[in-house]
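# Coordinate analysis (summary)
So you can see what is in the structure, the chains are spelled out below.
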Amino acid sequence: MDSKRSAPVGRPRGFDADEALEKAMTVFWQNGYEGASLPALTSAMGISRTSMYAAFGNKEDLFRKALIRYADGPASYGVEAVAEPTAQRVATVFLHGAVRSATLPGYPTGCLSLRAALIGGEDAQAIRNLLAAWRDETRALLTKRFRRAVNEHDLPAKTDPALLARYVMTIGNGVAVQAAGGAKRADLRLIVDAVLQNWPPALARVPKKHLA
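Every chain is numbered independently, its residues counted from 1 as its sequence is written. Only residues with pLDDT of at least 70 get local features here, since the model is predicted, and only at 80 or more are side-chain atom pairs given and counted; chain-wide, interface and lining totals rely on the full set of residues. Neither water nor hydrogens contribute to the side-chain values; these are computed over all heavy atoms in the structure.

### Brief notes about the overall build of the chain
Counting from the N terminus, the helices are the DSSP runs of H or I reaching at least four residues and the strands are the DSSP runs of E reaching at least two. Scanning the chain for helices and strands turns up 10 helices and 0 strands. Secondary structure of the chain in N-to-C order comes out as α-α-α-α-α-α-α-α-α-α. Within the chain, the proportion of its 212 residues that are buried is 42%. Sequence separation of 24 or more characterises 69% of the internal contacts of the chain that already satisfy a separation of 6 or more. In this scheme, a residue with accessible area under 20% of its type's maximum is buried, one over 50% is exposed, and one in between is partly exposed, where area comes from a 1.4 Å probe on protein chains only. Working rule for contacts: check all heavy atoms of both residues, and any pair within 4.5 Å makes them a contact.

Following this line, the structure appears as structure tokens:
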């Protein structure tokens, strides 16, 4: 028998794939998609490029997996928010979740989605499209939840659910940008609380013809 033949299929990789993906997520979060080089990714993950390709695919595949991890972890506040019993609680959980996610100890400040999407050439267009679709999905969830709130008379009848969802997401994005710029969690919480004191916002009841 040839003792030098390759190891049988199914042999353990020799590294923790879950931990490696967590490290990759952090690198993308810190540097954006294009700014995260393969050497930086593999170094942080503690694996070779060959092992990365074998376990996660190419860089784009790795980013897609990292985004799922981000959505299920630090950014899970969106799904948690729409399960709340009132529209005001939806907005409260969403915006305070945005503050928490953007200022997590041990992680980069701001939002992975915004960092990865704002800068990039044509090679990153597929990633920008992916992130835009992900944000659109979140906005659709909020819109659906606010429409239900209107039907349940939890929001004024003239409320525009889609506009209200965009308003809440705009505040959340602003929180992420401010956090990335060095704003402290306590200050961002105060800002969010000030926003929530005027609920529902009058903007949500502006006729669409005035928004053209």
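### Some points on helix α1 (residues 17-35)
Working rule for helices: expected span equals 1.5 Å times residues minus one. Relative to the 27 Å expected for 19 residues at 1.5 Å per residue, α1 spans just 22 Å between its end C-alpha atoms, considerably shorter than the ideal helical length. Of all the bends in α1, the greatest measures close to 80 degrees and is centred on Trp 29. Every buried residue of α1 is accounted for by Ala 20, Leu 21, Glu 22, Ala 24, Met 25, Val 27, Phe 28, Trp 29, Gly 32 and Tyr 33. A 3.5 Å cut-off defines polar contacts: any pair of N or O atoms within that distance qualifies, except that in protein one atom must be a possible hydrogen donor and the other a possible acceptor, and neighbouring residues in sequence count only when both atoms are side-chain atoms. Two or three places before Asp 18, at the start of α1, stands the capping residue Asp 16, its side-chain oxygen 2.9 Å from that residue's backbone nitrogen. Bend, at a single residue, is the angle you get between axes fitted to the 7 residues ending at that residue and the 7 residues starting at it.

### Some details on the side chain of Thr 159
For Thr 159, the position within the fold is in the loop between α8 (125-151) and α9 (161-180). At 2.9 Å, the side chain of Thr 159 and the backbone oxygen of Pro 156 are in polar contact.

### A short note on the UniProt feature "DNA-binding region" (unreviewed entry) in the chain
UniProt positions are given in the numbering used here, feature names are shortened, and annotations may be inferred rather than shown by experiment. Residues annotated in UniProt with the feature "DNA-binding region" (unreviewed entry) correspond here to residues 37-56. As annotated, residues 37-56 has a helix share of 80% and a strand share of 0%, and its two end C-alpha atoms lie 15 Å apart.

### Brief notes about the packing of helix α6 (residues 87-102) against α8
Between N-to-C directions, angles cover 0 to 180 degrees, with each direction set by a line fitted to C-alpha atoms, over the stretch in contact for helices. As a packed pair, α6 and α8 sit with axes 9 Å apart at the nearest point and diverge in direction by 155 degrees. Viewed along their axes, α6 and α8 adopt a mutual orientation that is roughly antiparallel. In contact with Ala 87, Val 90 and Phe 94 of α6, α8 contributes Thr 138, Leu 142, Arg 145, Phe 146 and Ala 149. Under the scheme applied, nonpolar residues are Ala, Val, Leu, Ile, Met, Phe, Trp, Tyr, Cys and Pro; charged residues are Asp, Glu, Lys and Arg; polar residues are all the others, including Gly. Class assignment for the residues of the contact of α6 with α8 results in 6 nonpolar, 1 polar and 1 charged. For classification purposes, angles smaller than 35 degrees are called roughly parallel, those larger than 145 roughly antiparallel, those between 65 and 115 roughly perpendicular, and all remaining angles oblique.

### Observations concerning the packing of α9 against helix α10 (residues 185-197)
Close contact between α9 and α10 brings their axes to 11 Å; oriented N to C, the two are set at 165 degrees. Put simply, α9 runs roughly antiparallel to α10. When you trace α9 past α10, the crossing you get is right-handed. Touching Tyr 167, Ile 171, Val 175, Gln 178 and Ala 179 of α9 are Leu 188, Val 192 and Val 195, all from α10. Handedness of a crossing is defined here by the sense of rotation of the near helix relative to the far one, left-handed for an anticlockwise turn of less than a right angle and right-handed for a clockwise turn.

### Brief notes about the pattern of salt bridges
What counts as a salt bridge is simple: a side-chain nitrogen of Lys or Arg found within 4 Å of a carboxyl oxygen of Asp or Glu. A complete count under the given rule lists 6 salt bridges for this structure. Glu 60 is the partner of Arg 64 in a salt bridge, and the nearest nitrogen-oxygen pair spans 3.0 Å. Highlighted residues: Arg 64 and Glu 60, both in helix α4 (residues 59-72), separated by 4 residues, approximately one helical turn. Across the salt bridge formed by Arg 89 and Glu 84, the nearest N and O atoms sit 3.2 Å from each other. Accessibility expressed as a relative area gives 37% for Arg 89, which makes it partly exposed.

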